[in-house]
Amino acid sequence: MESDKLYELYKKMRRIACVEDVIADKYYEKNRKMHTPIHLYNGQEAVAVGVCENLDREDIVFSNHRCHGHYLAKGGNLKKMVAELYSKNTGCCKGKGGSMHLCDMEAGVAPASAIVAGNVSIATGYAMGNKLKGNYNVSCVFFGDGASEEGSVYESICFARLKKLPILFVCENNRYAINTPLEEREPLNTISEKFSNILPVSVLDGNDIEVVTGSAKEAVAQIRNGKGPIFLEYITYRTRAHHNIGDGVNEKIRTQEEWNMWKEKDPVELARKSLIRHSRKYVRLIDLYEEELMKEIEEAFAFAEESPFPKKEEMWEDIWG
Amino acid sequence: MESDKLYELYKKMRRIACVEDVIADKYYEKNRKMHTPIHLYNGQEAVAVGVCENLDREDIVFSNHRCHGHYLAKGGNLKKMVAELYSKNTGCCKGKGGSMHLCDMEAGVAPASAIVAGNVSIATGYAMGNKLKGNYNVSCVFFGDGASEEGSVYESICFARLKKLPILFVCENNRYAINTPLEEREPLNTISEKFSNILPVSVLDGNDIEVVTGSAKEAVAQIRNGKGPIFLEYITYRTRAHHNIGDGVNEKIRTQEEWNMWKEKDPVELARKSLIRHSRKYVRLIDLYEEELMKEIEEAFAFAEESPFPKKEEMWEDIWG
Amino acid sequence: MSEADKKGKERFLSYTEAEKEAVELMLKKSPDIVLMGQGINDENAMFGVTDGLYKKYGTDRIFDTPLAETGLTGIAIGLAMSGYKVLYMHNRPDFLYLAMDQIINHAAKYSYMSGGQVNIPLVVWAVTGQGWGSAAQHSQSIHGIMMQVPGLKIVMPTTPADAKGLLKTAMDDKSPVLFLEHRRLFGQEQVVPEGEYGIPFGKGVLRREGTDVTVIAISAMVIDAIEASERLQEEGISTEVIDLRTVKPYDRELLITSVSKTKRVVIADTSWITGSVAKEISEFIYRELFEILEKRIEIVALPDVPTPAAYVLEDIYYQNADSIYYAVKRLMEDKE
Amino acid sequence: MSEADKKGKERFLSYTEAEKEAVELMLKKSPDIVLMGQGINDENAMFGVTDGLYKKYGTDRIFDTPLAETGLTGIAIGLAMSGYKVLYMHNRPDFLYLAMDQIINHAAKYSYMSGGQVNIPLVVWAVTGQGWGSAAQHSQSIHGIMMQVPGLKIVMPTTPADAKGLLKTAMDDKSPVLFLEHRRLFGQEQVVPEGEYGIPFGKGVLRREGTDVTVIAISAMVIDAIEASERLQEEGISTEVIDLRTVKPYDRELLITSVSKTKRVVIADTSWITGSVAKEISEFIYRELFEILEKRIEIVALPDVPTPAAYVLEDIYYQNADSIYYAVKRLMEDKE
Ligand SMILES: Cc1ncc(C[n+]2csc(CCOP(=O)(O)OP(=O)(O)O)c2C)c(N)n1
Ligand SMILES: Cc1ncc(C[n+]2csc(CCOP(=O)(O)OP(=O)(O)O)c2C)c(N)n1
Ligand SMILES: [Mg+2]
Ligand SMILES: [Mg+2]
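Quick summary incoming for the structure in this document. Each chain has its residues counted from 1, running along the sequence as written. Chain labels run from A onward and ligand labels from 1 onward, assigned in the order the entries are written. With the structure being a predicted model, the display of local features is reserved for residues of pLDDT at least 70 and the display and counting of side-chain atom pairs for 80 or more, all residues being used for whole-chain, interface and lining totals. Think of the side-chain values as coming from all heavy atoms in the structure, minus any hydrogens and water.

On a plain count of helices and strands, chain C comes out with 13 helices and 14 strands. A radius of gyration in this sense is built from C-alpha atoms; the matching globule rule multiplies 2.2 Å by the number of residues raised to 0.38. For chain C, whose C-alpha radius of gyration is 20 Å, the value lies close to the compact-globule estimate of 20 Å for 336 residues. Taken along its principal axes, the extent of the C-alpha atoms in chain C is 65 × 45 × 45 Å. Note on definitions: a residue-residue contact is assigned when non-hydrogen atoms from the two residues lie within 4.5 Å. A separation threshold of at least 6 residues defines the contact pool for chain C, and within that pool the share at least 24 residues apart is 82%. Of the accessible surface of chain C, which amounts to about 9,400 Å², a share of 49% is contributed by carbon and sulfur atoms. The sign given to each residue is positive for Lys and Arg and negative for Asp and Glu; His and the chain ends receive no count. For the purpose of locating charges, the reference atoms are NZ of Lys, CZ of Arg, CG of Asp and CD of Glu. Mean positive and mean negative side-chain charge positions of chain C (36 and 48 charges, respectively) differ by 4 Å. Per the convention used, a helix needs a DSSP run of H or I reaching at least four residues, while a strand needs a run of E reaching at least two, with both numbered from the N terminus. For every accessible area listed, the method is Shrake-Rupley and the probe measures 1.4 Å; residues are considered covered only by the protein chains on display.

Listed per partner, the contact involves 51 residues of chain D and 51 residues of chain C. Put simply, buried area is the surface a 1.4 Å probe can reach on two separate parts but cannot reach once they are joined, added for both. Summed over both sides, the interface between chain D and chain C buries roughly 4,600 Å², with carbon and sulfur atoms accounting for 60% of that surface. Whenever a carboxyl oxygen of Asp or Glu lies within 4 Å of a side-chain nitrogen of Lys or Arg, that contact is scored as a salt bridge. Where chain D packs against chain C, one counts 4 salt bridges. Between Glu 291 of chain D and Arg 296 of chain C there is a salt bridge, with the nearest N and O atoms lying 3.2 Å from each other. Put simply, the parts of the chain that give the side of chain D that touches chain C at least two residues each are helix H5 (100-107), helix H6 (110-113), helix H7 (143-146), strand S13 (265-272) and helix H11 (277-288) of chain D. For the side of chain D that touches chain C, the leading source of residues is H11 of chain D, giving 7 residues.

Time to look at the site of ligand 2. By nearness alone, 21 residues border ligand 2, and His 65, Arg 66, Ala 114 and Asp 145 of chain B together with Glu 69 of chain C come closest of all. The environment around ligand 2 is built from residues contributed by chains B and C. Throughout this description, a polar contact denotes any pair of N or O atoms lying within 3.5 Å of each other; where both atoms belong to protein, one of them has to be capable of donating a hydrogen while the other can accept it, and for residues adjacent in sequence the pair is counted only when both atoms sit in side chains. Taking Arg 66 of chain B, its side chain carries an N or O atom lying 2.8 Å from an oxygen atom of ligand 2. Contact between ligand 2 and Gly 146 of chain B: an oxygen atom at 2.8 Å from a main-chain N or O atom of the residue. Burial of ligand 2 by the protein chains amounts to 95% of its free accessible area of 590 Å². Of the residues that constitute the shell around ligand 2, the class distribution is 10 nonpolar, 7 polar and 4 charged. In this text, near means that some heavy atom of the residue lies within 4 Å of the molecule or strand in question. Classes in brief: Ala, Val, Leu, Ile, Met, Phe, Trp, Tyr, Cys and Pro nonpolar; Asp, Glu, Lys and Arg charged; the others, Gly included, polar.

Another point: the coordination of the magnesium ion (ligand 3). Residues and elements named next belong to chain A. Coordinating N, O and S atoms are those within 2.8 Å of the metal (3.2 Å for Na, K and Ca), and as water is not part of the atoms, a site may appear to have fewer donors than expected. Taken together, Asp 145 (OD), Asn 174 (OD1) and Tyr 176 (O) make up the full set of protein donors to the magnesium ion (ligand 3), lying 2.0 to 2.1 Å away. In the primary structure, the donors to the magnesium ion (ligand 3) are separated according to the pattern D-x28-N-x1-Y. One end of the pair, Asp 145, is in the loop between strand S2 (139-144) and helix H6 (151-162); the other, Asn 174, is in the loop between strand S3 (167-173) and strand S4 (176-177), and 29 residues separate them in sequence. For the residue pair Asp 145 and Asn 174, the accessibility class agrees, reading buried in each case. Partly exposed residues are those whose accessible area sits between 20% and 50% of the maximum for their type, while under 20% is buried and over 50% is exposed, using a 1.4 Å probe and protein chains only.

Attention now moves to the sheet that holds strand S9 (residues 205-208) of chain D. All names here are of chain D. Pairing in this open sheet of 5 strands is mixed, and the strands run S9-S11-S10-S13-S14 from one edge to the other. Bordering the open sheet on either side are S9 and strand S14 (298-302), each of which pairs with just one other strand. Each strand axis lies, on average, 25° off the axis of its neighbour in the sheet, ignoring direction. Two strands qualify as a pair provided that DSSP identifies no fewer than 2 bridges between them. Relative to S14, S13 runs parallel, the two being bridged by 4 bridges. Across the sheet, Trp 272 pairs through a bridge with Leu 302, a residue of S14. Where helices are involved, their axes are fitted lines through C-alpha atoms of the stretch in contact, as for all axes, and angles between N-to-C directions lie from 0 to 180°.

Shown next as structure tokens:
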């Protein structure tokens, strides 16, 4: 990958990481402003960014409870996201969705579902819509290793294959569903093995942005060519707790060693190192971006702070579309 | 297989076929007595008989809407079955279940579910119970190719494998779900291919009683040995319509040719021919059995006719176990 | 009334023919209609509603489904979100319990959760079975269970003409609609107007005017209510029969007008009594017409047991014209 | 009262500690108890109810599950059918919509369909969330939706002592029981008797005696009802507070006794108003005490919208002590 391209991807990842960090910093501040359960994306940035890099605005992304990264990577509006976390009516869901349901249809981000796997079948239906319309748009759904256990994922995969639908199934295998490790839930060591007779699957390093971008590029190209659904499994790790702001380290299951090992492989950090190895110019560029980014994030939080709350009557709006 | 053994199996198959035929004959008689939707088992007798041949009374069988064959093969009481079809309180479900819910717990026949695939997960749970108790009993669930499309089948298979449960999944692939052919519903040509990475599977001729009995024998032995779940797919055909008494032949999908081809392979007929090829003595034995059988069936129908209807108060009984 | 409509007045159609007409008129006009369901293109063709349609409009837009109600409901929602009007048809509502997460957690909430960014124009259609020993898993009316869900409309037409008009309205709605029918209604034939027309949600209709008692009936119970009212008429008891038509929203105004006049009420529902739509409506009437009601409201609904298979038990389990007749008689005791 | 019980009287336990005690007493006694649930053996341990239990009783009988609520509910049913008493625990009832087919079509009907040949001793336990922007998919109370299902019992304890006693009764029941809790109840501490004891289903309890108005409260609304009644007491209004405890069956006798005395009623529910348990109970009271009631019944329940995330909207969406207070005041207007 060209280093300038990598730098672009780095920035996108860093932006997501930084937004999550600022949310975490402010989450328990005095006079808490964010009254919404958060599931931060740190550690998995390469997946969202690498995949979405290959999607156009007309393509659509479906997400889950851990939706901040997908939303931002696909071009969801940052200000509206923060305003949503702040319960403001300028939020992307007018304050009705909160952290787990980010949505920006203009950017091609469908409403995220906090029902695990809830969106996998919906994304499949959306893909069918695209196919019926005869356009070349891709429907892309992000879901976890835990989600893959829901029967509707199997149902969706079978149907997508039957109808050769233009859908990209992206499984982010971080090896945990809340605090339950993969081995206690899964018969096999990878998720995609379960489905490999039904559709093309690959298991890939989800912390290497070059790997993710490259594999998704190929998959998206095939899907646009009408080859039908593809399943990409990215092995990754969340460096945060399942929800809230901790690191999720825990004697019994997520040990400090495990965490340290994965922290070493943090995708943002890996990309940064790679850039610097490439050329010293990136040291300065990265610093510059840091400033730019902090400014953007501060503005987003300021926007959220200043925005009005929804009015009482608004509770009754938007039920019927 | 020894011919005397084959003769035993022949009789069991013939008995099921004959019960179904008599039901069909009487189903539309004047003053209809059977007010219950029927899904006859003709054409698939080898599967129920061949599998159940390897099960003990302590083993349990779970079935679906097409449950007559499984019920009888596992040793369910014939009189109580007919009485159930006649809405009598001597019926196996006291008249509350009807044709689709036959149950005889004494014989190891769990309540059949008319929700397609409904019993697959329940059978898996029963298997877990057996495992917890540490006995060597097998839980065996019969379901169709259509049923395999339900997500709960996938969920059950994954869980059974994870916990190495003593369960035999028996998929009767008759290539139709009501009138929808396999190709319109399934991404692959066999059902078991979808699951072959998760647990051991085999695709077998479901119309050859020797093949069924042999394959089930091996599977049951392995399951009793604690090897975990096994999935057997039997390719077969129903020579009746999905429900009611017709032959299900239909210009658009189930053609007369197709039907004829399968009728040639009728498992009862195949076994009869094989017996006679073996020894002429079976001609007479088969005839004798025919008499014995008709007598048994007549008695069962007489029992049903003579039995009392449930009393009004009984409507309120059995809700709470 | 246009000439065409006048001529239409002469045409007798069955319930499912009327629905087929509604669907076909929409299919002809608009390329963004999708029909789906298990067996939709087979001989039975959803009781005839979709008979042969795939031949004209193609199996892309009218497609049979695998047996996977959970996932397929999600798929229907995704299709609807992508801009299609989707009619997902089921032979029985009993199978919809597999789709509850998608209907309740997704279809009914997505517009709201997204602050109005998406619509889910999805109609879920299903036919309740009754009789013939169908037993506990093939006989359920689920409107009472679904009634509580915000974001979901529930429509239960009873006549062929209403089925046609309400199906159009349902398909034109931007939001999810549960369209529930009943096998007992399929025996009807009726003059059905030609051409497209819609019937608004939330409007019941008087099937018969009367002065002594109001019978509010849902779905198949309307047939029984009319039968009972004919018998009662012969005895000089005048019943007003209301066909509720849509359960959510329901026509509060019509109920108030009618009951204000008759002051006596029977509510007939096709489902279990506890927690039923009948109870909801009864409560509404008590609240609104507390001082006016002359008698306790009579509810005719199913006893709280799973459906028994035996026909002798079905006979006491299911309610019918007799049940309504006696309920009215009980209300009239003091008057006679 | 035994010495042990007397001593027990001194022990303050939280809600989940009380439940843990109920569960552990059963686990100790009987080898046929199985607990299952997503995260049951993790740090959170179902809010503490199963904390550390797997260490003593093994992960065979206390096991974490994959994310597959449909299949796992079937598995729980099969386990129950095979002779185990099964407690299947969920962090939120919202996920149970995935299990509706197994709960409604199977667990609740198998005993009946089989003519009593099988029992399904299954307790499905779940905790409703409220507040903190949990939004539409993580905040639902599902008792109103499930109430109509024959063959299913619904239990909603409010105090630690009741939670313990009702959980034992539920686990001892031969039939499926839906055991619904509410996060707001978890803040409580109370003296909880030691040892095993059961509390019968269908018996509500007076949490406060009064003469002017009866407040019938469900689950977390009991806390609000008591708070409201304390404020009202200061103004000289005497409210009787009924904690319903079990929703199906519910205690008809207690309601009649109380309302016959007060003649004025508020019903407070944690779920949407249309089709709610509150409506069912209201209808029951109107019917039974038609001539005695002095005022229309006041219902305090959620508006018919999906739960909004914004806390400013939550503030008006959720009902509380204020809502009950004002409802009582409205009922007392003519008396004051
Ligand atoms: C149907 C359903 N069951 C349970 C939950 C509770 N829950 C929320 S997130 C989660 C874990 C999901 O794990 P995974 O899919 O691997 O995603 P991750 O959190 O690891 O990104 C669970 C069990 C839920 N939201 N929905
Ligand atoms: C969940 C559910 N969906 C739909 C139906 C209606 N239905 C009854 S039998 C059947 C076909 C089942 O096909 P298969 O599993 O292959 O069994 P077969 O009838 O061929 O033996 C269908 C769709 C049902 N009973 N349950
Ligand atoms: Mg995970
Ligand atoms: Mg089949």
